Amino acid sequence: MTAILRNESGKLIRSSLLLTGLFGLISVFLFAAFPGFADQAEVVEEAFPPVLAGLFGFEELHTIEGFVGGYLFPLLWILFGGMYFAYVAAGLIVGDVRTRKMDLTLSNPVSRESVVLQKVAALWVPLVVLNAGLILFVLAGVTVLGESIDPIALGMTHLLSVPYLLVCAGIGLVLSVVLDREETAQATALGLVFVLWLIDGLSHLDPALEWIRDLTPSRYFDPTAILVHEEYALADAGILLVTFLALVAVATVIFVRRDI
Amino acid sequence: MPVIRIDDLTKRYGDVAANDHVTFDVEAGEIFGYLGPNGAGKTTTIRLLLGLIKPTSGTAEVLGADIRDRRALTEVKSDVGYLPDTLGFEERLTGRRVLDHFARMRGDERREELLELFRPPLDKPIETYSSGNRRMLGIVQAFMHDPQLVIMDEPTSGLDPLKQDRLHLFLEKERDAGKTIFLSSHVLSEVQRVCDRVGIIRDGELVALEEIETLLGRSGKRVWVHLAEPVDEERFRTDEMIDLEVTDATVQFTYTGEAKTLLEYLVGFDVVDVEIGEPQLDDIFKHYYGDDATVDEESAVTGKDAVSTGEDRVRTGGG
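Residues numbered from 1 in each chain as written. Chains lettered and ligands numbered in written order. Predicted model: local features only at pLDDT ≥ 70, side-chain atom pairs only at ≥ 80, totals over all residues. Heavy atoms only, no water.

The name that an unreviewed UniProt entry assigns to chain B is ABC transporter ATP-binding protein, with the source organism given as Natrarchaeobius chitinivorans. You can read under Sequence similarities (unreviewed entry) in the UniProt record for chain B the words "Belongs to the ABC transporter superfamily." (UniProt positions renumbered as here; feature names shortened; annotations may be inferred.)

As annotated in an unreviewed UniProt entry, chain A carries the name ABC transporter permease and comes from Natrarchaeobius chitinivorans.

Participant: Outline the UniProt feature "transmembrane region" (unreviewed entry) in chain A, supporting the account with residue identities and numerical values.
Facilitator: Residues given the UniProt feature "transmembrane region" (unreviewed entry) here are residues 12-34, 71-94, 121-146, 152-175, 187-205 and 237-256 of chain A. Overall, residues 187-205 of chain A shows 84% helix and 0% strand. The separation of its end C-alpha atoms is 28 Å. (Helix = DSSP H or I, 4+ residues; strand = E, 2+ residues; numbered from the N terminus.)

Participant: Tell me what's going on with unusual backbone geometry, and back it up with residues and numbers.
Facilitator: Glycine aside, residues mostly have negative phi angles, and peptide bonds mostly take the trans form. All names here are of chain B. For Glu154, which is not a glycine, the phi torsion comes out positive at approximately 50°. Checked against the element boundaries, Glu154 lands in the loop between β7 (149-153) and α6 (161-176). One non-glycine residue, Asp203, lies in positive phi territory at about 50°. Structurally, Asp203 can be placed in the loop between β9 (197-202) and β10 (205-211).

Participant: Talk me through the sheet that holds strand β2 (residues 16-26) of chain B; I want residue IDs and the actual numbers.
Facilitator: Residues and elements named next belong to chain B. Across the sheet, four strands lie side by side as β2-β1-β4-β5; this open sheet has antiparallel pairing. Strand pairing shows two members of the sheet lacking a second neighbour, β2 and β5 (65-66), which therefore form its edges. Strand direction decides the pairing type here: strand β4 (residues 57-62) and β5, joined by two bridges, are antiparallel. Bridge pairing in β5 places Glu61 opposite Asp66. Lying on the sheet, helix α1 (residues 42-49) is in contact with β1 (4-13), β2 and β4; it crosses β1 at an angle near 115°. (Pairing = 2+ DSSP bridges. Contact = heavy atoms within 4.5 Å. Axes fitted to C-alpha atoms, helices over the stretch in contact; angles between N-to-C directions.)

Participant: Before we move on, could you go through the sheet that holds strand β12 (residues 241-247) of chain B and cite the residues and values that matter?
Facilitator: All names here are of chain B. Strands sit in the order β12-β13-β11-β14 across an open sheet of four strands; the sheet is antiparallel. Each edge of the open sheet carries a strand with a single partner, namely β12 and β14 (271-277). The average undirected angle you get between the axes of adjacent strands in this sheet is 15°. Alignment of strand β11 (residues 221-227) against β14, held across six bridges, turns out to be antiparallel. Across the sheet, Leu227 pairs through a bridge with Val271, a residue of β14.

Participant: Give me the interface of chain B and chain A: which residues, what numbers.
Facilitator: Contacts between chain B and chain A engage 28 residues on the former and 25 residues on the latter. Contact with chain A buries surface across chain B, with Leu52(B), Glu90(B) and Met105(B) losing the most and accounting together for 24% of the total. Here chain B is connected to chain A by six salt bridges. Between Arg47(B) and Asp103(A) there is a salt bridge, with its nearest N and O atoms 3.0 Å apart. Of all elements in the fold, only α1, α2 (70-76), β6 (80-83) and α3 (95-106) of chain B reach the threshold of two or more residues within the side of chain B that touches chain A. The residue inventory of the side of chain B that touches chain A, partitioned by class, reads ten nonpolar, eight polar and ten charged. (Buried area = accessible area lost by both parts, 1.4 Å probe. Salt bridge = Lys/Arg side-chain N within 4 Å of Asp/Glu carboxyl O. Nonpolar A, V, L, I, M, F, W, Y, C, P; charged D, E, K, R; others polar.)

Participant: Can you lay out the pairing of strand β8 (residues 180-185) of chain B for me, pointing to particular residues and giving the numbers?
Facilitator: Residue and element names in this part refer to chain B. For β8, the tally of buried residues reaches six of six residues, placing the bulk of the element in the interior. Side chains of β8 alternate between two faces, with Thr180, Phe182 and Ser184 and Ile181, Leu183 and Ser185 buried alike. Strand direction decides the pairing type here: strand β3 (residues 31-35) and β8, joined by five bridges, are parallel. Note that in β8 the partner of Leu35 across the bridge is Ser185. With five bridges connecting them, β7 and β8 associate as parallel partners. If you follow Ile151 over to β8, its bridge partner there is Phe182. (Buried < 20%, exposed > 50% of the residue type's maximum accessible area, 1.4 Å probe, protein only.)

Participant: Can you break down the packing of aromatic side chains residue by residue, with the values?
Facilitator: Residues and elements named next belong to chain A. Within this structure, the stated rule accounts for 20 aromatic pairs over all chains. Above the ring of Phe255, the side-chain terminus of Arg112 is found at 5.6 Å from the ring centroid. One Lys or Arg, Arg219, reaches over the ring of Tyr220 and ends 4.6 Å from the middle of that ring. (Phe/Tyr/Trp six-rings, centres within 6.5 Å; stacked < 30°, edge-to-face > 60°. Lys NZ or Arg CZ within 6 Å of the ring centre and 35° of its normal.)

Participant: A description of the UniProt feature "domain: ABC transporter" (unreviewed entry) in chain B should follow, citing residues and the corresponding values.
Facilitator: The residues that UniProt annotates with the feature "domain: ABC transporter" (unreviewed entry) are residues 4-228 of chain B. As annotated, residues 4-228 of chain B comprises 33% helix and 31% strand, and the C-alpha atoms at either end are separated by 54 Å.

Participant: Describe in detail helix α9 (residues 151-178) of chain A, supporting the description with residues and values.
Facilitator: Residues and elements named next belong to chain A. The end-to-end C-alpha distance of α9 is 41 Å, a good match for the 40 Å that 28 residues give at a rise of 1.5 Å each. The sharpest bend along α9 comes to roughly 30°, located at Val162, with the proline Pro163 sitting one to four residues further on. Between a side-chain oxygen at the N-terminus of α9 and the backbone nitrogen of Ile152 the separation is 3.1 Å; the capping residue is Asp150. (Expected span 1.5 Å × (residues − 1). Bend = angle between axes of the 7 residues up to and from the residue. Polar contact = N/O pair within 3.5 Å; in protein donor to acceptor, adjacent residues only side chain to side chain.)

Participant: For the packing of helix α4 (residues 64-92) of chain A against helix α8 (residues 124-144) of chain A, give the residues involved together with the corresponding values.
Facilitator: Residues and elements named next belong to chain A. With their axes 12 Å apart at the nearest point, α4 and α8 run at an angle of 155° to one another. Taken as axis vectors, α4 and α8 run roughly antiparallel relative to one another. Between α4 and α8 lies a crossing of right-handed hand. Packed against α4, whose contacting residues are Ile64, Val68, Leu72, Phe73, Leu76, Trp77, Tyr84 and Phe85, the element α8 presents Pro126, Leu127, Leu130, Asn131, Leu134, Val138 and Val142 at the interface. Looking at the contact of α4 with α8, its residues break down into 14 nonpolar, one polar and no charged. (Parallel < 35°, antiparallel > 145°, perpendicular 65-115°, else oblique. Left-handed = near helix turned anticlockwise from the far one by under 90°.)

Written out as structure tokens, the structure reads:
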């Protein structure tokens with residue numbers, strides 16, 4: 001039974017393409033700024049207040065790897081990408097319950113567990129579209145600038161970012177089965193992912209805040225480490241994956257038990 | 001074995017009992033009407049039967065599956081059709097694609113045949129549909145997998161009279177072919193026209209189970225009469241009128257007698273205009289079943305006894 005997966009996948013194509021297009025546009029602006037950035041990297045790194053440097057995790061900004069890992073990825077992927085996945089997942093269940101679509105869906109011989117899992121599985125669409133899109137944009141941007149980037153490191157950055165995006169989706173999904181208004185669930189999911197990203201960045205400032213940083217998903221995905229130092233934090237990605245599965249399990253258990 | 005067996009089913013929301021110890025059976029091959037005013041608890045019962053909400057106490061069986069057993073209930077749903085009161089379709093999809101979607105989950109062997117009777121504009125997106133077209137698409141999806149049991153919540157709402165007749169005729173044919181139909185309605189005449197047996201619900205409680213013959217004798221019409229001159233209330237009133245209201249030369253009442261008698265009676269007055277329409281169901285129920293009527297459990301199960309229980313109430317509760 002994959003009818004729901006098929007239907008939900010179709011629904012996600014439009015917003016995925018739209019966001020990919022937006023990413024393309026922002027990438028153009030960011031890459032256009034790189035030559036100037038590289039020349040003045042030292043000045044930039046010094047001029048930025050440590051708060052902002054910490055937010056993005058600047059390092060080796062004058063190299064293309066440092067620029068992509070420390071500037072482009074944190075902004076486009078960790079912040080916007082994470083927020084998008086949280087937002088989409090937050091609408092998956094509560095929207096259907098609210099519009100009574102869920103009544104019709106559940107009049108079919110399909111379990112509630114299957115409904116949740118098929119809807120989550122439909123997130124393959126934005127995962128594939130956004131990843132493919134951004135890889136293309138980065139390769140194109142790097143080529144136009146006459147630079148080069150290790151394609152394996154770039155591929156690993158995308159691969160290891162998937163668990164991070166899934167955790168953001170898991171947060172949205174739990175909100176989607178708990179709250180009873182679609183707008184509330186989506187706004188809360190957006191806000192929560194943003195605040196978690198903020199906490200991760202700001203906690204660099206004070207070692208006393210280090211423990212709280214461990215609670216933020218972006219702490220377990222570091223594009224600069226992958227691109228600049230070729231450090232692949234597989235264990236961190238594993239932690240994110242397990243967290244995602246736990247969030248999906250929690251959402252499923254809640255959804256199966258509740259009245260709709 | 002009954003197709004639907006409802007046993008002491010109760011659903012509470014805080015202090016409010018949306019369904020209060022409801023007990024009755026729906027037998028195979030009948031059109032069962034679930035009649036009650038808006039807000040009486042009809043939709044609650046239906047959503048309990050489909051496992052969308054969980055009972056506070058009591059239970060029910062649908063095609064032998066206990067509604068508290070999620071796995072069993074999911075399994076029998078391939079043999080159940082459902083037409084909800086609010087049709088939540090995927091608005092951007094066309095009617096055809098929505099039917100394709102449902103067909104993938106439960107089949108559509110009767111789709112073409114149904115589309116000859118009920119014709120929603122299949123190639124237009126659902127967001128452009130009128131309420132009648134929505135309802136027709138809902139009817140097609142409810143029957144297209146040829147289910148044994150179809151549960152319909154206010155099936156004719158939004159349909160024009162011609163389509164309503166078509167649906168009623170179709171339901172009778174389905175019943176004759178051995179299908180079981182459970183339909184809820186707040187329209188007395190609809191239930192009288194099409195149902196074999198009727199359960200009446202008020203404020204969450206089942207107040208009567210009637211054979212349709214009994215209910216046919218309990219009809220009522222909302223009547224407005226405009227007279228040429230003001231009339232005295234006492235002079236106008238007959239025993240068959242309830243909730244009589246006289247304002248100058250205009251009289252409003254619910255008439256529980258026969259239409260012929262009423263018309264003959266009205267000829268005796270200088271009538272300028274008359275309107276006769278569907279009654280307020282609640283007025284009719286108050287008249288026939290009293291204010292605090294409930295079916296006792298034993299009679300509710302057998303159904304036949306409930307008829308006599310109902311008759312008793314006419315004598316005690318009749319206004």
